[in-house]
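Descriptive structure summary
Here's the letter readout for the chains.
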Amino acid sequence: MSVESPSPVERFEATLAALEVSITRIDPDDEFAQCLETVVTEHGHDTDSVVGTPLPFSSASLPDWVDDEPTPETLETATTGVTAASLGIADYGSVVLPSTAEGSEPVSLFPELHVPVLRESDLVADMPTAIERLGPELRAGRSAIVATGPSATADMGALVTGAHGPKDVHVVLLEDGSTDTEGPEDDDAAAANGGKA
Amino acid sequence: MSSDARKTKAQRIRHLLETEGEAVEENTIGFNEGRYESVADLEAYEELKDEARAIKEDAIERLPELIEELRETVEENGGTLYLADDAADANRYIREVAEEQAADRVVKSKSMTSEELEVNEALEEDGVDVVETDLGEWVLQVADEAPSHIVAPAIHKSEAEIADLFNAQFDPEEPLETAEELTMFAREQLGELIRDADIGMTGANFVTADSGSIMLVTSEGNARKTAVVPDTHVAVAGVEKIVPSVEDLAPFIELIGRSGTGQDITSYVSLLTPPVDSPVVDVDDPDVAFADRDDDREFHLVLVDNGRMAMREDEHLRETLYCIRCSACANTCANFQSVGGHAFGGETYSGGIATGWEAGVHGTDSAAEFNDLCTGCSRCVEACPVKIDIPWINTVVRDRINREEDGQFDFLVEGLTPDEEPGSVDLQKRLFGNYETLAKLASATAPLSNWTTKLGPVRTLMEKTVGVDRRRPLPEFERQTLVDWFEARGPRVSAANAEREAVLYPDTYTNYIDVERGKAAVRVLEALDVHVRIPDVPGSGRAPLSQGMIDTADEKASRVFSGLAEHLDADRDVVVIEPSDLAMFRQEYEKFLPEASAQRLREGSYEVCEYVYGLLENGADGEGLRTGERGPDLAYHSHCQQRTLGLDRYTRAIFEDLEYDVLESDVECCGMAGSFGYKEQYYELSMDVGDRLADQFTTPEASDRLVVASGTSCEDQLEDLLARDAVHPVEVLDPRSRHH
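Bear in mind the structure is a predicted one, so any value in this text is a computation, not a measurement.

Basis of the calculations
- Residues numbered from 1 in each chain as written.
- Chains lettered and ligands numbered in written order.
- Predicted model: local features only at pLDDT ≥ 70, side-chain atom pairs only at ≥ 80, totals over all residues.
- Heavy atoms only, no water.
- Contact = heavy atoms within 4.5 Å.
- Buried area = accessible area lost by both parts, 1.4 Å probe.
- Salt bridge = Lys/Arg side-chain N within 4 Å of Asp/Glu carboxyl O.
- Polar contact = N/O pair within 3.5 Å; in protein donor to acceptor, adjacent residues only side chain to side chain.
- Helix = DSSP H or I, 4+ residues; strand = E, 2+ residues; numbered from the N terminus.
- Nonpolar A, V, L, I, M, F, W, Y, C, P; charged D, E, K, R; others polar.
- Pairing = 2+ DSSP bridges.
- Domains from an automatic or database assignment.
- Buried < 20%, exposed > 50% of the residue type's maximum accessible area, 1.4 Å probe, protein only.
- Axes fitted to C-alpha atoms, helices over the stretch in contact; angles between N-to-C directions.
- Parallel < 35°, antiparallel > 145°, perpendicular 65-115°, else oblique.
- Left-handed = near helix turned anticlockwise from the far one by under 90°.
- Patch = residues over 30% accessible without salt bridge, like charges linked within 9 Å, V, L, I, M, F, W, Y side chains within 5 Å.
- Areas by Shrake-Rupley, 256 points an atom, 1.4 Å probe, with all protein chains shown as cover.
- Lys, Arg positive; Asp, Glu negative; His and termini not counted.
- Charge placed at Lys NZ, Arg CZ, Asp CG, Glu CD.
- pLDDT = per-residue confidence, 0-100.
- Expected span 1.5 Å × (residues − 1).
- Arc of directions from axis to C-beta.
- Core = buried A, V, L, I, M, F, W, Y, C linked by side-chain atoms within 4.5 Å.
- 1 Å grid on protein atoms, 1.4 Å probe; cavity = no way out; pocket = protein on both sides within 12 Å on 5 of 7 lines; lining within 4 Å.
- Points joined across faces, edges and corners; volume = space filled by probe spheres on them.

1. Some thoughts on the interface of chain B and chain A
Taken together, the contacts link 61 residues of chain B with 56 residues of chain A. Summing both sides of the interface, chain B and chain A together bury roughly 4900 Å²; the carbon and sulfur share of this comes to 60%. Together, Arg-187, Arg-224 and Phe-290 of chain B form the three largest contributors to the area buried by chain B at its contact with chain A, with a combined 14%. Here Glu-247 of chain B ties to Arg-139 of chain A by a salt bridge, and the two come within 2.8 Å at their closest N and O atoms. Inspection of the chain B/chain A interface yields 30 residue pairs in polar contact (both at pLDDT 80 or more). Counting residues per element, the side of chain B that touches chain A draws most heavily on helix H10 (residues 179–195) of chain B, at 10 residues. Looking at the side of chain B that touches chain A residue by residue, the classes come out as 29 nonpolar, 14 polar and 18 charged. As paired strands, strand S8 (residues 144–147) of chain A and strand S9 (residues 268–272) of chain B are joined by 4 bridges and run antiparallel to one another. By the bridge assignment, Ala-147 of chain A is partnered in S9 of chain B with Tyr-268 of chain B.

Here you go:
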């Protein structure tokens, strides 16, 4: 370990790279819709078969071409799912996916490509910090998935991705600078000094 | 165990070595290497294990109160908690739920607890279609086989075998071949079966009392689908899975994947507080938007006692309840690596900790089937993320099995044998447990005893009566013991001129068989200005302990301590050649001796190379020792218990300081493990385990090196495997060494 620890974003990017998960960072001036289109097409999928659940961020919302009211039928045919991540965990390259009544859980699970959208300010350094944030959420009756990389199995004799869930994951990281008001709570200060205790 | 029973057992093991051994070996060794790499990335691995252990200790201590707290939170959340006394009770409840739901199909994610209940069979009796959705479990369901590993249930099957199975069973248009094709085929088939399932059944890796949440550790995503698609979720968990709060999960999330399959974290850690907010994925309403649904989900948490509350009251089995079922103890175990869970397992569980689980939930009979496969090598102790003393649990259960078996010889044996055990102890165990008595007698009658045991008819008789495999060469006993030799020779460094005073412990093997390594140890110590004494102290009790003869080991501990107490009080250092005996002093003796005595011996005793290292570090002149310049290149295998005690580094450091060229093995255990490799029923397994070590020492780079091993058993095993001499490190350093 070097004396100077990398920033949470650098660490997050490094752990994602080790997982072979791609990431796109976009600053507040960039067009989210444009970026999302690039992500979907780069992975070889069609922008006509994208489902998503509403993003609780002021700096980004789902473009019109994303079906944001998915049904079991459209979920079945969709090849990309876009959902919000409430936290990122730099040490592990994990994203925390809250379960919502709109269906974030199936949307993040069934399509071949999952695109979690994460605000940089929601990135925490390590697992204990993430679980501390989740404690009150779970005690309030909510559920979440700590997801790290694609669905995978080695049960058939070699490592294969896309066992039951997504074959690919592409994280979109919304850089700071926007003035979010819709977030569940203002954690920016805590996240900013979220280095290891 | 009768001669026939031993032969049947040997046959069964041979069959598994031939049919499943290769796939199991490749996978478990891969997991084990992954564990080493993954935990090395943790800055505070030891602290994390301590934290995890403390959480489990506290949770099991407060279990009744946590169950009640959990009941309240689950009910507040809108779910139901059912505390099942035993498997039948749990199955009855689950069948009722299925009946109320008029369920045609239950989809399941992997759960060992549900295997323990045999809930699939119970539901199938009612005509319910039960589908395992974990790919490995599904393979086994299709093949109608039992899991061979608690985490990766189908590791005994190769890609080609699974392809053959699927092609025969499903007759796909294009025959399936690759892992990718097999996985995609399974995904599709199972996706269809999940789509219109009525109930999703999962296990739970952890349950939090404060929130009523369950944590599921998976990588495929099948547990997520199982929990979200149907409207009814049944989670089955042992009562021991409860932890007080959500925050307590953090260390386990960090440890479980690393310890098990060597992944830093699995793809999905589901933290579900059921009934969940997620919409049901309802095929009957394909066009209703998720957001427009108003689901009334049902959740049943079935907490299973099935012997666990009694385990909690059992001072020796209690620790088993700390187990998080990561599989580290299986993957790191040399015997498991060779045969897998179909031999190293009971009715449900497999691997080192399985003895505790099987004894607790199914009874000692189930544990007795495989308990012998734990050789007490202790490599699992440091691998276990909650620091369970797994070898001790195996020893205790072995002792209980010894006491339960029909005592054919009760009337004859009690009072006549030199041990403290009842007549029910198996004759083979009794022989090896009383090895010291045997060694004493054989030494006194050597060389006649050695000639006799070389005779074919004698070996046949030994195999038939006590199950000593005739293919295994027997050790040759020395007429003059180390103690006698030293008494005649006397010390060469007087106490007055010495830097330190040491008591060299004459372990049974060194005293009666490998006297040469004892002599070498004396010369090495004296070359470093140590005044040496060798008192006539008995065996450490390692031999009887390894056979589950705890009372006998306890008695030995008392005698060893009384033989050494005066020396310890006189500030003499106790130096031990055999790592398995030092492990007794450092670890097991705390169970046999008063705390103050155990502590005095623990703190005053050293492994011989640890001691030599300490002398050199403190300025002793190493000039008198043979250095790498004059000595040969070495192929070194450290001893399993020596490694668990963290002592192998001293031997390594000495060789390095003295400029030896060393090539080191990285296998967990040589496979000999004291008496294990002599036993007729385990000889072939022992050789299979040893082959991994032999492979490393027969490479072109290693084949000309002097073979060095710190343990007695390892030396014997290496000599048998390689047909080359093997020596102890002190015989390398010995100024008069003739080993090249």
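2. What to know about the domain arrangement of chain B
Partitioning chain B into structural domains gives domain 1 (45–308) and domain 2 (482–733). Look at where the C-alpha atoms of domain 1 of chain B and domain 2 of chain B centre, and you get two points 48 Å apart.

3. Some thoughts on the pattern of salt bridges
Residue and element names in this part refer to chain B. All told, the structure shown has 75 salt bridges over all chains when counted by the stated rule. Measuring nitrogen to oxygen at the nearest pair gives 3.3 Å for the salt bridge that ties Arg-312 to Glu-313. One continuous salt-bridge network, built from bridges that share partners, spans Arg-6, Lys-7, Glu-463, Arg-470 and Glu-680.

4. Remarks on the side chain of Gln-428 of chain B
All names here are of chain B. Relative to the helices and strands, Gln-428 is located in helix H21 (residues 427–433). For Gln-428, a relative accessible area of 2% translates into the label buried. In contact with Gln-428, other than residues within four places in its own chain, are Arg-6, Val-466, Gly-467, Lys-679, Glu-680 and Gln-681.

5. Considerations on the environment of Arg-187 of chain B
Within the element layout of this structure, Arg-187 of chain B appears in helix H10. The class of Arg-187 of chain B is buried, set by a relative accessible area of 18%. Sequence spacing of Arg-187 of chain B and Arg-738 of chain B is 551 residues, and the spatial spacing of their C-alpha atoms is 64 Å. Not counting the four nearest positions on each side in its chain, Arg-187 of chain B is found in contact with Phe-110, Gly-162, Ala-163, His-164 and Gly-165 of chain A together with Lys-225 of chain B.

6. What to know about the sheet that holds strand S2 (residues 105–108) of chain B
Residue and element names in this part refer to chain B. Spatial strand order, S1-S10-S7-S4-S2-S3: 6 strands in an open sheet with parallel pairing. On the outer flanks of this sheet lie strand S1 (80–84) and strand S3 (129–132), each paired with one strand and no other. Shown here is a sheet whose adjacent strand axes are inclined to one another by a mean of 20°, direction ignored. Relative to strand S10 (residues 298–304), strand S7 (residues 232–238) runs parallel, the two sharing 7 bridges. Its bridge partner being in S10, Val-236 is matched across the sheet by Val-302.

7. Comments concerning the packing of helix H9 (residues 159–170) of chain B against H10 of chain B
Residue and element names in this part refer to chain B. Two elements in contact, H9 and H10, have axes whose closest approach is 10 Å; the angle formed by their N-to-C orientations is 45°. Here H9 lies oblique to H10, going by the angle between them. Helix-helix and strand crossings are classified by hand; for H9 and H10 the assignment is left-handed. Counting all contacts with H9, which are made through Glu-159, Ile-162, Ala-163, Phe-166 and Phe-170, the residues of H10 involved are Ala-179, Leu-182, Phe-185, Ala-186 and Gln-189. Within the contact of H9 with H10, the residues separate by chemical class into 8 nonpolar, 1 polar and 1 charged.

8. Focus: a negative patch on the surface
Residues and elements named next belong to chain B. The grouping of Glu-99, Glu-100, Asp-231, Asp-294, Asp-296 and Glu-298 at the surface amounts to a negative patch. With respect to the helices and strands, Asp-231 occurs in the loop between helix H11 (222–228) and S7. On the accessibility criterion, Asp-231 (34% relative accessible area) is partly exposed.

9. Focus: the sheet that holds strand S5 (residues 206–208) of chain B
Sheets are built from strands paired through backbone hydrogen bonds, the pairs being either parallel or antiparallel. Read across the open sheet, the 8 strands follow the order S7(A)-S4(A)-S5(A)-S8(A)-S9(B)-S6(B)-S5(B)-S8(B); overall the sheet is mixed. For this open sheet the edge positions go to strand S7 (123–124) of chain A together with strand S8 (242–243) of chain B, each flanked by a neighbour on one side alone. Where S5 of chain B and strand S6 (residues 213–218) of chain B come together, 3 bridges link them in antiparallel fashion. Each bridged residue has a counterpart across the sheet, and for Phe-206 of chain B the counterpart in S6 of chain B is Met-215 of chain B. Contacts from helix H12 (residues 249–260) of chain B reach S5, S6, S8 and S9 of chain B within the one sheet, and its direction differs from that of S5 of chain B by about 165°.

10. Remarks on the confidence of the model for chain A
Averaged over every residue, the pLDDT of chain A is 89; residues scoring 70 or more account for 87%. Every residue in residues 178–197 of chain A is under pLDDT 50, and counting partners more than four places away or in other chains gives 26 contacts.

11. Quick notes on H9 of chain B
Residue and element names in this part refer to chain B. For H9, spanning 12 residues, the distance from its first C-alpha to its last is 16 Å, which sits close to the expected 16 Å at 1.5 Å a residue. Along H9, the positions that sit buried rather than exposed are Ile-162, Ala-163, Leu-165 and Phe-166. Burial along H9 is one-sided: seen end-on, the buried residues are contained in an arc of 165°. Away from the buried face of H9 by more than 90 degrees, exposed residues Asp-164 and Ala-168 are located.

12. Notes on the nonpolar core
All names here are of chain B. Judged by nonpolar contacts, the single largest core of 119 residues is most densely connected at Leu-70, Ile-242, Leu-271, Leu-301, Leu-303 and Ile-388. Residue-level mapping places this core at the junction of two domains, with at least three residues from each of domain 1 (45–308) and domain 2 (482–733). Residue contacts for Ile-242: discarding those within four places in its chain leaves Ala-59, Leu-63, Leu-66, Ile-67, Leu-70, Val-207, Ala-209 and Leu-303.

13. Description of empty space enclosed by the protein
Residue and element names in this part refer to chain B. Taken as a whole and assessed by the stated rule, the structure comprises 7 cavities of 30 Å³ or more. The calculated volume of the largest cavity comes to roughly 150 Å³. Lining the largest cavity are 17 residues, with Cys-333, Leu-373, Cys-374, Thr-375 and Cys-377 positioned closest to its centre. Sorting the residues of the lining of the largest cavity by element identifies helix H15 (334–339) and helix H18 (379–383) as the ones contributing at least two each. For the lining of the largest cavity, the class distribution of residues is 11 nonpolar, 5 polar and 1 charged.

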